[in-house]
Structures are given as C-alpha cells and as structure tokens.
Amino acid sequence: MAGSAERARHWQYAELPGVDLLRARYVEKKFVRHTHEHFVIAAIADGVEVFHHGGADQYAGPGALALVNPDTPHTGRAGVPEGWRYGAVYPSPAVVAGIAAETTTIRGTPGFTSPVLDDPYAAGLVHRVLRAVDEGNALAADTFLRVAVTRLLRLNGGPLPQRAVRTAGAPVAARARALLEERMADPPTLERLAADLGTSPFALLRAFRAAYGMPPHTWLTDARVRRARALLDAGTAPAEAAVAVGFTDQPHLNRHFSRIVGVPPGAYQRERAGGGADGRERKNVQDPPGRLFVASERGD
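Small disclaimer: the values here were computed from a predicted structure and weren't measured.

### Remarks on the overall build of the protein
Phase 1 of the analysis: A count of helical and extended segments in the protein gives 10 helices and 12 strands.
Phase 2 of the analysis: Across the 300 residues of the protein, 50% fall into the buried class.

Written as structure tokens, this is what we have:
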C-alpha cells in the first residue's frame with residue numbers, strides 16, 4: 001500500500017470541551033519524537049502501531065489502546081507493512097482529573113501506568129465516542145468518553161510521579177527552556193545558549209535531555225508546533241503562524257506540523273474553523289468515503 005492510502009482527520013466537537021478527536025489510517029507515516037499537552041487515548045482498529053516510549057518500542061494491535069500521558073516524549077510508526085488504522089481522543093489533564101476525582105480512588109495527578117493496554121471493550125468505547133460525535137449525539141459522546149476514561153484509569157491508572165530535580169543540571173535545563181520559549185522565533189545556537197547560562201554546550205545538552213527527554217533543538221520544534229496550533233486555533237493564517245513561531249515559511253511548518261500532529265496545518269485549521277458544532281463529519285481531501293471506523297453494534 002502506498003502513502004496515498006493515508007488519511008487523517010483531526011478536529012474538535014463543541015459539546016466535548018477540552019477534548020481533541022482523531023481518525024487516521026497511516027501506512028508510511030512516521031511521527032518524530034514529540035509530546036502532547038493532553039492525554040493520548042488511541043484505539044487501534046487494524047494493523048499495528050509501534051511507538052517508542054519509556055526507552056523501549058511499544059506495540060499496539062487491533063483491540064489494544066496506545067496510552068500516553070501529557071508531556072511524555074514518544075514517536076509513532078507502522079509495525080506491519082499495511083500500516084495501522086485507529087481512532088483517538090485527546091482529553092485535557094483537567095478533563096481526566098475531573099473524571100478521576102468522581103469515579104476512582106486515585107489520589108494526586110491521575111495518569112496511565114502502562115503505555116499499551118489490550119482491552120477491546122475500552123477500544124470499542126473510544127470508537128463509540130467518535131461515532132456519537134459523527135451523529136451529533138452529545139449525550140452519548142460525553143457518556144462514552146467518561147465511561148472509557150474511568151475504565152482505563154481503573155484498569156491501568158495511578159498517580160503520576162512528581163517530577164523531582166534529580167540532577168544538578170536541572171535548574172540550568174529549566175532556564176534554557178525558558179529562554180528558548182522567549183526566543184522561539186530567533187533562538188540562539190547551543191554554544192551561545194550555554195554561554196548565556198554559564199555552562200558548556202555538552203553539559204547543557206546532557207542536562208536538557210535528562211530533564212525533558214529530548215535535546216533542545218527537538219524540544220524547540222515540538223514547542224513551535226504547539227504554539228502554531230494555538231495561533232491556528234485563534235484564526236492566524238498558516239503562513240503567518242509559521243513565521244511567528246520561527247519556521248522559515250509555510251512549507252517548513254507543514255513538514256513539522258504533519259510529522260507531529262498527523263495532518264497539515266491547513267487541514268487542521270479548516271476542521272477547527274469549520275466548527276463541527278453539530279458533530280457531523282465534513283468531507284475534505286483527507287477524508288475517505290464513508291467512515292473509517294464502525295463501532296460495535298452491541299447496545300449503546
């Protein structure tokens with residue numbers, strides 16, 4: 001199968017605030033190392049996804065869920081020649097915390113303890129969320145989302161460990177991150193950044209990787225895409241967003257945005273601006289004819 005078989009849709013539903021939605025079929029797509037501000041709850045329908053997480057490759061096949069906590073570096077690629085097909089919900093930390101407080105005994109910040117869970121029932125609930133959104137059924141979509149998150153937290157949840165300052169370089173890494181955020185559109189070289197912080201380039205590189213799971217240049221690309229998403233959500237044109245966050249032009253943004261978010265910035269913005277207020281799926285060049293996923297026909 002060629003890359004032309006790849007299709008994806010990334011959107012929001014007004015009746016599910018704080019939640020992003022995704023349907024995708026990928027064959028040759030490779031997600032670079034990146035993070036999300038929200039949780040990732042991805043239900044695999046067909047094929048196999050492989051993602052590097054926690055120092056090892058994780059494999060998720062049909063009926064399994066790929067689960068990633070916020071701000072956790074990971075990648076993504078096909079684990080079989082035919083690729084993988086999945087539906088995903090991305091609830092915010094606030095949404096998950098609210099559900100956990102009401103339905104679980106988890107104390108502290110809730111999160112997932114294992115990156116892969118083989119649970120066809122929970123995977124089916126994720127697909128039911130997307131089907132309910134398609135139908136504009138806000139009551140069902142909200143219900144299935146809450147039931148899915150509750151089940152996943154009960155089966156595979158616990159308090160997230162607090163990030164402790166484990167090395168002497170952690171404060172330097174935090175200052176470097178703040179400077180990169182401040183100078184995102186015109187970042188310094190590693191040597192200049194290290195000199196400004198009173199350390200050496202390799203010492204800074206080691207400290208930053210230890211603190212954030214990736215080197216400064218990779219983190220900066222990830223942060224630029226996050227900020228570009230916020231600008232696109234606010235209505236900024238992709239070309240303007242690209243320059244504002246430090247990419248050379250829109251094609252530069254397109255390349256990195258697609259490798260992290262999974263869809264080009266133009267398609268991403270059309271879906272957000274197109275509203276989907278009634279939840280019904282709008283067709284565009286990335287959408288296949290008909291639905292990508294059909295949830296279980298057992299009773300809703």
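### Notes on the pattern of salt bridges
Phase 1 of the analysis: As enumerated under the stated definition, the model contains 13 salt bridges in all.
Phase 2 of the analysis: Taking the shortest distance from any N to any O, the salt bridge between Asp 71 and Arg 226 comes out at 2.9 Å. With Asp 71 in the loop between strand E7 (64-68) and strand E8 (74-78) and Arg 226 in helix H7 (residues 216-233), this residue pair connects regions lying 155 residues apart in the sequence.
Phase 3 of the analysis: Classification of Asp 71 as partly exposed rests on a relative accessible area of 35%.
Phase 4 of the analysis: By relative accessible area, which is 22% here, Arg 226 ends up partly exposed.
Phase 5 of the analysis: Among the salt bridges present, the one from Arg 272 reaches Asp 233, with a minimum N-O distance of 3.1 Å.

### Things to note about the packing of aromatic side chains
Phase 1 of the analysis: What the rule picks out here adds up to 8 aromatic pairs.
Phase 2 of the analysis: Look at Tyr 26 and Trp 84: their rings are 5.4 Å apart centre to centre, the planes differ by 55°, and that puts the pair in the tilted class. Here Trp 84 lies in strand E9 (residues 84-91) and Tyr 26 lies in strand E2 (residues 19-26), a separation of 58 residues in the sequence. Across the pair, Trp 84 and Tyr 26 agree in class, each one buried.
Phase 3 of the analysis: Residues Tyr 26 and Tyr 86 carry aromatic rings whose centres are separated by 6.1 Å and whose planes lie at 50° to one another, so their mutual orientation is tilted.

### Points about the sheet that holds E9
Phase 1 of the analysis: Reading across the sheet, the 6 strands line up as E1-E2-E9-E4-E7-E11 and stay open at both edges, with antiparallel pairing between neighbours. Sheet topology places strand E1 (7-12) and strand E11 (116-118) at the edges, where each strand pairs with a single neighbour. Each strand of the sheet is rotated relative to its neighbour by a mean of 15°, with strand direction disregarded.
Phase 2 of the analysis: As paired strands, E7 and E11 are joined by 3 bridges and run antiparallel to one another.

### A word on the nonpolar core
Phase 1 of the analysis: Ranked by size, the top nonpolar core spans 47 residues in total, and within it Tyr 86 and Trp 219 carry the most contacts.
Phase 2 of the analysis: Considering each element in turn, this core owes the most residues, 6 residues, to H7.
Phase 3 of the analysis: One finds Tyr 13, Leu 125, Leu 145 and Leu 153 within the second-largest nonpolar core, a separate group that totals 33 residues.

### A closer look at the sheet that holds strand E6 (residues 56-60)
Phase 1 of the analysis: Pairing is antiparallel in the open sheet, where 4 strands are placed in the order E3-E8-E5-E6. Two strands bound the open sheet, and with one partner strand each, they are strand E3 (30-34) and E6. Sheet twist, expressed as the average angle between the axes of neighbouring strands with direction ignored, equals 20°.
Phase 2 of the analysis: Note that strand E5 (residues 49-53) and E6 share 5 bridges and pair antiparallel. Bridge pairing in E6 links Val 50 to Tyr 59.

### Re the side chain of His 252
Phase 1 of the analysis: On the secondary structure map, His 252 appears in helix H9 (residues 250-261).
Phase 2 of the analysis: Given the relative accessible area of 16%, His 252 is considered buried.
Phase 3 of the analysis: For His 252, the side chain forms a polar contact with the side chain of His 256, separated by 3.3 Å.

### Looking at the packing of H7 against helix H10 (residues 265-273)
Phase 1 of the analysis: The geometry of H7 relative to H10 is characterised by a closest axis approach of 9 Å and an angle of 40° between their N-to-C directions. Put simply, H7 runs oblique to H10. The hand of the H7/H10 crossing is right-handed. Note on element contacts: H10 touches H7 through Pro 265, Tyr 268, Gln 269 and Arg 272, opposite Arg 229, Leu 232 and Asp 233.
Phase 2 of the analysis: Residues belonging to the contact of H7 with H10 are distributed by class as follows: 3 nonpolar, 1 polar and 3 charged.

### Description of the side chain of Thr 150
Phase 1 of the analysis: Mapped onto the elements of the fold, Thr 150 is located in helix H3 (residues 138-156).
Phase 2 of the analysis: Not counting residues within four places of it along the chain, the set of residues in contact with Thr 150 comprises Ile 99 and Thr 103.

### Points about the pairing of E1
Phase 1 of the analysis: Alignment of E1 against E2, held across 6 bridges, turns out to be antiparallel. Paired with Trp 11 across the two strands is Leu 21, which belongs to E2.
Phase 2 of the analysis: Joining the antiparallel neighbours E1 and E2 is a turn of 6 residues, in which Gly 18 adopts a positive phi near 80°.

About the cut-offs
- Residues numbered from 1 in each chain as written.
- Predicted model: local features only at pLDDT ≥ 70, side-chain atom pairs only at ≥ 80, totals over all residues.
- Heavy atoms only, no water.
- Helix = DSSP H or I, 4+ residues; strand = E, 2+ residues; numbered from the N terminus.
- Buried < 20%, exposed > 50% of the residue type's maximum accessible area, 1.4 Å probe, protein only.
- Salt bridge = Lys/Arg side-chain N within 4 Å of Asp/Glu carboxyl O.
- Phe/Tyr/Trp six-rings, centres within 6.5 Å; stacked < 30°, edge-to-face > 60°.
- Pairing = 2+ DSSP bridges.
- Axes fitted to C-alpha atoms, helices over the stretch in contact; angles between N-to-C directions.
- Core = buried A, V, L, I, M, F, W, Y, C linked by side-chain atoms within 4.5 Å.
- Polar contact = N/O pair within 3.5 Å; in protein donor to acceptor, adjacent residues only side chain to side chain.
- Parallel < 35°, antiparallel > 145°, perpendicular 65-115°, else oblique.
- Left-handed = near helix turned anticlockwise from the far one by under 90°.
- Contact = heavy atoms within 4.5 Å.
- Nonpolar A, V, L, I, M, F, W, Y, C, P; charged D, E, K, R; others polar.

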